[in-house]
Amino acid sequence: MAGKICKMCGAIKPATEEHWYVSKIINGKIYYRGTCRECVEKYGYKAHGGRASAGVLSPEGNHIYSATDFVSALITLSRNDVGRLASISEAEFKSKTRSSAFLRKTGMSFKDIKSMAFEQLRRDGYANPEDIRLPAGVYMIVGDSHGKWTRRPMFDLLRRVSRELRVDAVIHVGHIVDDDNEISYLWDDFDNLVVVAKPEELRTVHRYVADNSLRWRIVRDRIAAGGVNICNQELISDYARVPLRLLDSQLFEDRTICNLHRLERAPRCTDAEAEYIASPGCVCEPHIVKTIRQIDFKEGYIQKLAYPTGFSKYRRASQLSRLWNQGFILLKVTSAGSFLLQCQIHTVGKQKACAIFDKIYTSSGVEKPDRKIMAVADTHSPEFDPRVLEVQKQIAKRFAGDCLVDLGDIISFGSLNHHSMERGEISEYASKDIMKECAVAHAILKARGSWAPWKRRVLLYANHERFCQDFVRKNPQLASLLNVPTLLAVESAGYELVAHKTPLKIGPFLFIHGDMKLYGETGRLPDKLSKAFNIKRNMAVVHGHTHSSEIRQRSYSVPMSGTTNQLYNETAASYWNQGCALCSSYKEAAFVQIIDCVYGRSWYADEVISGLGAKGLLPKKMLFSINYKESQ
């Protein structure tokens, strides 16, 4: 007959109910307690802190109740909440657990049990606050470091950005622990780290902080900063293609930043301005769990080795991990509101690199970009917003780019809008003066051309410019007069004109307006563009047309420059927002930063730029003239 070793006295005794209490029975197989009957009846089970406490046998004779059981019951009753635990009275505990008789027999006091429960919750991290509110400042949000899977160059980059920008706190969302239940010791250098701990990692994080005497702050649920909620989400797994925009706004309200292994941003339809849900991406390397799992069946001592590659689940995960993006979010919180900046991280040689405003930050230093491009979109003159143009002007002067790319829809062309004419909306649209529309658009082109010493200026022909072409198809006799180069005087304004639906490639960037149908591709516009033009890692596609800030799969949607009321759209609730984009390349890696203009203000470097009260952007009057020249 097989024998068992008692954990308390060390004696070897036959595995029968005569010598051992039954722990559980599974599929007819009996599992016994680790302490023999003799030791249980003599000493009881070990309680917290290694002290032996008296126990009392259950009526069935198969379990002995000790301090451990009472503490566990009290913690369960408190729902792991320190405040709720404090409010539980002895009468309530005895009533709900029906333990009055057992407590009396053991001689243990409820006060001692409650004290042990408090200590247990503190050791497990439940005394940390559930949520906190951060004051005005600059915060860096990083996601999913996964312990050993974040390499030293990444930590060097994060440390440099934190110090250079004088970040008030580095906020970690997602998994900080790896599959070996370890936290990278390289985080120890970050005294300003705030961890939004996942429930399954709370105990590990709390004990790591206590054991290493770190100054980290641990939050159990969420952080509020300048009207932005920073939290963890559990609805989209690590290995999935599900877009962030599918997270319900009723679950993640207002502006939300949450964990996801992809750098994404999705606008939300709202009656407020520029609400979104965004994720910082991850700082770890793409990986799957590769630890060999040893399954030890103690009864019979059978062992099996399970390898990840032996399961289709892990093979799928290995493929889906290629969709991960490394990056972080910078959040500027001021009395005027909050401003978001998402920064993609690329591997350049043996270093990690990112762009922040007009600089390239790497693991080893701060560099100048090889190429700087400013992108604007959807001005829709004459329904443009002077506040946005003023902000763009100030950003352009500071950014000092090499190239200006207007992604199209510089003009609404309401006077030639065939959709309006077909609906019979003559008084609202078709009665507009075409030359006044074109004069304003030309003036905006010239004004933007003077904002910086651009080496190149490009205008993309888009769907609103196409209204002119559509009108001429019905009235071909006007073709030489009603065309965009003539009406907007594009050449005299200093711009190249790119044909409709023709991509513009500059270095690692591909610029396009975004009104292409892309038949055969699936998903929303960012997905379609990324897949159709085969945008690989270290590249980016930059487009307009959506009138909103959106990031997905290295596809960046540039917000509009026009007003959010274009006369044809719904204004009570919308996902449109305003701003521009800064595109920097370094060693053929593409970095795109979307700069939002929120209530006429934007954040650039160390200041908040205001476009309120903008005046003198355009001349009061423009004259149109036709000149004839002899052709050679």
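Description of the structure in this document. (Residues numbered from 1 in each chain as written. Predicted model: local features only at pLDDT ≥ 70, side-chain atom pairs only at ≥ 80, totals over all residues. Heavy atoms only, no water.)

## Structural notes on the sheet that holds strand S27 (residues 456–460)
Within a sheet, each strand pairs with its neighbour through backbone hydrogen bonds, oriented either parallel or antiparallel. The strand order S28-S27-S26-S25-S34-S35 describes an open sheet built from 6 strands, whose pairing is mixed. Two strands bound the open sheet, and with one partner strand each, they are strand S28 (496–498) and strand S35 (589–597). The average undirected angle you get between the axes of adjacent strands in this sheet is 20°. Inspection of the sheet shows strand S25 (residues 371–376) paired to strand S26 (residues 403–406) by 4 bridges, in the parallel sense. From the neighbouring strand, Ile373 faces S26, where its bridge partner is Cys403. Those strands touched by helix H10 (residues 386–399) are S25, strand S34 (578–586) and S35, and its axis lies near 20° from that of S34. Along the sheet, helix H13 (residues 434–449) makes contact with S25, S26 and S27, crossing S26 at roughly 155°. (Pairing = 2+ DSSP bridges. Helix = DSSP H or I, 4+ residues; strand = E, 2+ residues; numbered from the N terminus. Axes fitted to C-alpha atoms, helices over the stretch in contact; angles between N-to-C directions. Contact = heavy atoms within 4.5 Å.)

## Some thoughts on the layout of surface pockets
The method is simple in principle: a probe with the dimensions of a water molecule rolls over the atoms, and the space it marks as empty is what remains. Each pocket or cavity is described by its volume, and for the second largest pocket that value is around 420 Å³. His419, Asn463, His464, Phe467 and Tyr568 are, among the 23 residues lining the second largest pocket, the residues nearest its centre. Listing elements by their share of the lining of the second largest pocket, those giving two or more residues are helix H11 (418–423) and helix H14 (466–474). Sort the elements by how many residues they give to the lining of the second largest pocket and H11 lands first, with 3 residues. Of the residues belonging to the lining of the second largest pocket, the class tally is 6 nonpolar, 10 polar and 7 charged. (1 Å grid on protein atoms, 1.4 Å probe; cavity = no way out; pocket = protein on both sides within 12 Å on 5 of 7 lines; lining within 4 Å. Points joined across faces, edges and corners; volume = space filled by probe spheres on them. Nonpolar A, V, L, I, M, F, W, Y, C, P; charged D, E, K, R; others polar.)

## Concerning the pairing of S27
Here S26 pairs with S27 via 4 bridges, running parallel. Among the inter-strand pairings, Asp406 is bridged to a residue of S27, identified as Leu459. Sheet topology places S27 next to S28; 3 bridges connect them, and they run parallel. Residue pairing for S28: Leu459 is matched across the bridge by Leu497.

## A short note on the environment of Leu460
Within the element layout of this structure, Leu460 appears in strand S27. Leu460 gets classed as buried once you look at its relative accessible area, which sits at 3%. Along the chain, Leu460 and Leu504 lie 44 residues apart, while their C-alpha atoms are 8.3 Å from each other. (Buried < 20%, exposed > 50% of the residue type's maximum accessible area, 1.4 Å probe, protein only.)

## Examining the packing of aromatic side chains
Scanning the entire structure with this criterion turns up 10 aromatic pairs. With a centroid separation of 5.5 Å and 40° between ring planes, the pair formed by Phe93 and Phe110 is classed as tilted. Here Phe93, found in helix H4 (residues 90–97), pairs with Phe110, found in helix H6 (residues 110–123); they are 17 residues apart in sequence, far enough to count as distant. Assigned by exposure class, Phe93 and Phe110 land together as buried. Relative to Trp216, the ring of Tyr208 lies with its centre 5.7 Å away and its plane at 35°, an arrangement referred to as tilted. For Tyr208, a relative accessible area of 15% gives the class buried. According to the relative accessible area criterion, Trp216 is buried, its value standing at 7%. (Phe/Tyr/Trp six-rings, centres within 6.5 Å; stacked < 30°, edge-to-face > 60°.)

## A few points about the sheet that holds strand S22 (residues 351–356)
The 4 strands lie next to each other as S21-S22-S23-S24, forming an open sheet whose pairing is antiparallel. This sheet does not close on itself; its edge strands, each paired only once, are strand S21 (346–348) and strand S24 (366–367). Pairing geometry for strand S23 (residues 359–362) and S24, over 2 bridges, is antiparallel. Residue pairing for S24: Ile360 is matched across the bridge by Glu367. Of the strands in this sheet, S22, S23 and S24 are in contact with helix H7 (residues 152–164), which crosses S22 at around 30°.

Coordinates in, geometry out; function isn't part of it.
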